[in-house]
Amino acid sequence: MPQVNHVAVIDYGLCRKCPFCVRACPTNAISWDANRDPVVRVEGSKCLDCTICMTRCPHHAISMQARNAPLTYGVDWTLADPKEVTRLCHAAHMHPEQIICFCRQTMSREVAAAILLGHRTPEELSIATGIRTGCGVLCITSVLRLLKAAGIEDLKAPGWQWYGTYATIWDLPPEAFERYPEYFLKEDLEAANELYPRAD
Amino acid sequence: METQVHTLRPTEPRASYYNIDPNDLKMRAVDLPGFTSVCASDLFPIEQKPVTAATPELMRAEIRRRTLATLEKIDLKKVRPGDSVNILTSHHGYSIFGGHAYAEMVRTIRDEMQRRTGTTDIRLRAGVGLRFRETEEYIAKFGLDEYFQGKAKGIAPVDRGIAIKTAIGTLYGIAEAYDARWIIHAHNNDIRELHYHRQMGRLFKPFAMSYATIETRSSYHQSLGPRSANLLPRLIWESDYVQKKFLYSCFLQVGPEGIMGVDANEDLVAQDKEFTKLNLLWYGKILTLLGAIKNVILIIDYPGPIPYTVSGGVLFGNFLNANVDEFDLRKLTPFTRYSDMLYPDQKPLVPNVLPPPNPAIKAVVLNYCSKGYPGAFFPKMLPLLVVGAQAELMENDEQNTEFMKYAIKVDTLSKALTFARNFAKTDNILIFDGAVGGFNVSNALAEELHRLAPEVSARVDNELMPMWLKQRGIAPQTIH
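Heads up: these notes are all about the structure in this document. (Residues numbered from 1 in each chain as written. Chains lettered and ligands numbered in written order. Predicted model: local features only at pLDDT ≥ 70, side-chain atom pairs only at ≥ 80, totals over all residues. Heavy atoms only, no water.)

**With respect to the packing of aromatic side chains**
Residues and elements named next belong to chain B. Overall, the coordinates contain 24 aromatic pairs over all chains when judged by the stated rule. Measuring from centroid to centroid gives 5.7 Å for Tyr-178 and Tyr-241, while their planes differ by 65 degrees, and the two rings are edge-to-face. Here Tyr-178, found in the loop between strand E6 (169–174) and strand E7 (182–188), pairs with Tyr-241, found in helix H9 (residues 240–243); they are 63 residues apart in sequence, far enough to count as distant. For the ring pair Trp-237 and Phe-246, a centre distance of 5.5 Å and an interplane angle of 85 degrees mean the geometry is edge-to-face. (Phe/Tyr/Trp six-rings, centres within 6.5 Å; stacked < 30°, edge-to-face > 60°. Helix = DSSP H or I, 4+ residues; strand = E, 2+ residues; numbered from the N terminus.)

**Quick look at the sheet that holds strand E9 (residues 258–265) of chain B**
Residue and element names in this part refer to chain B. What the six strands build is an open sheet, ordered E4-E3-E2-E7-E8-E9; its pairing is mixed. Of all the strands in the sheet, the pair left with one neighbour each is strand E4 (152–154) and E9. Taking the axes of each pair of neighbouring strands and ignoring which way they run, one obtains an average angle of 20 degrees across the sheet. Sheet analysis places strand E8 (residues 246–255) next to E9, joined by seven bridges and oriented antiparallel. Bridging from a neighbouring strand, Phe-251 pairs with Asp-263 of E9. Against the sheet, helix H2 (residues 56–71) touches E8 and E9, its axis set at about 25 degrees to E9. (Pairing = 2+ DSSP bridges. Axes fitted to C-alpha atoms, helices over the stretch in contact; angles between N-to-C directions. Contact = heavy atoms within 4.5 Å.)

**Concerning the nonpolar core**
Residue and element names in this part refer to chain B. The biggest cluster of nonpolar side chains holds 190 residues, and the ones touching the most others in it are Phe-207, Tyr-248, Phe-316 and Leu-430. Not counting residues up to four positions away in its chain, the partners in contact with Phe-316 are Leu-298, Ile-300, Ile-306, Pro-307, Thr-309, Val-364, Phe-378, Leu-382 and Phe-432. With 18 residues, the next largest nonpolar core counts Phe-35, Ile-299, Ala-363 and Val-410 among its residues. (Core = buried A, V, L, I, M, F, W, Y, C linked by side-chain atoms within 4.5 Å. Buried < 20%, exposed > 50% of the residue type's maximum accessible area, 1.4 Å probe, protein only.)

**Structural notes on the side chain of Ser-95 of chain B**
Residues and elements named next belong to chain B. With respect to the helices and strands, the residue Ser-95 is situated in the loop between strand E2 (85–90) and helix H3 (100–117). Overall, the relative accessible area of 17% leaves Ser-95 in the buried class. If we skip the residues at most four places from it in the chain, Ser-95 touches Tyr-138 and Tyr-302.

Shown next, in the form of structure tokens:
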């Protein structure tokens, strides 16, 4: 299983208690509570060293520091029913071994297994598998597609991190194909159906 | 055939969170023995000449003069004193040939807005790729916060979003990009990520990238398609929300020879079509020439992420795909995020559909680059040697947790190149070091490029250019 060796640490001399880091954290490792001291706090067991809080903090109040012991993350996908894992991946138009997080090299089968094992939100899936904890940008739609394929669509979007609306080649309205032929929509749909599994 | 005895100077190292300390960069590749330069203008002369000046100050003055000249045709009557204006910019502009030309274009846009409209509420919004501190570093480097009177800000895709209704549903822009009455799209045309934009709506792309939040960017890279993804920025720009704010666009014109000029337009569709022609003219032969090289070692030596390192005005990412004509829209290319996803190992999950990464690349030596771009695909697919302190940077890159598991660490650049030469069995070496106006190459590759150029030129003129234009709905007779 992969490990991380660093954790976000807040310099309370610089922190202005703005919620920027809370909003930017893909694993909800940082929380804000006006009724406690300190108001902003990092839960180390959820921090996967993505550095997003550090690089978005307007006050340069966060640094990544060495952990006393590495934190292990990852999901053994074989703990879930392999047939169900494959079915879920295919329903999301993904190969089970497809890389969907380029930073952590997370495969779709790991995220599918995590969903089947009870993780129900993008944040829970990030803590479990490490997905979305590198660049924090490229893989969110793959996570949302897998959740949708599992029938989990009633998620409350937190905003900032994600809003729950995205586009896929399989969902484009027919009029888009007619109106914008120069963008090769038809050709890319054919290519997608050749490269990726069909939902059925 | 005559080759130059001196080499073009590489881009200077950059002090940045995303790079090794410049003092830890022990040697630049161009300082190795046996290298020379090949100028783009010697290979493929073009009519339009690059902007040149004797000193950096004169260069800035020339960029200002050209920006003011092109802004004369822009109608600003609808902007009233007191109106807020966001000048939207992107990280890459600030890195083009040192970034001074782009920064001066941006300053001039600001000054001209204030002079002609009387408004002083003019803000700079600087978007990023995947390195969220990057434009803040550029804002500091170019003194832009002072210039914008404290109204310069780096924006990132994890910031608060704003809903934008498009023809295919709601997408999200970054709220602070659009938090003004008016927006100006200040960008650059260079070929850059041809593997993504395919020169189809290239000028629109930041509307789904630098100015967009994560789902829209993720849709572009993972959930549309390698060509159709380019519809997203077009739809966002066409939305009522953006159209009500959009004033004009202003582009720093860039080609393989250097900075070519500045162009502003109120009609982004028309401007995109013009730049499509120019980019095919300026880059078509250079890219086709690179695709004709059969064996080569690449040295990466530039303060940018691996795929964005530059040689002859084109990227490592372009070279990785150079075995396929990226301008030919019928073809899928080896490296995009859509193909990258399908390589859990060296063989793709789906056989016989995707072309392999350019097989001409026999080895890659990574002397200097930025962290902050997920690139495990590169050492998985190519023999890749990483030099000295750069290896430590990659080992600790949160976006490349697997990178060094596939790459080899070597102490010095000289040793790495010797090793690469031994197993690659070629004397062709191409350096991606950001030199302006051409390539830094081994003497053997210089000869090869000059030998191949005439045939490439004829092939592009007679065969490829008419096809590229036709695919984009452009009449060949409009090209000069």
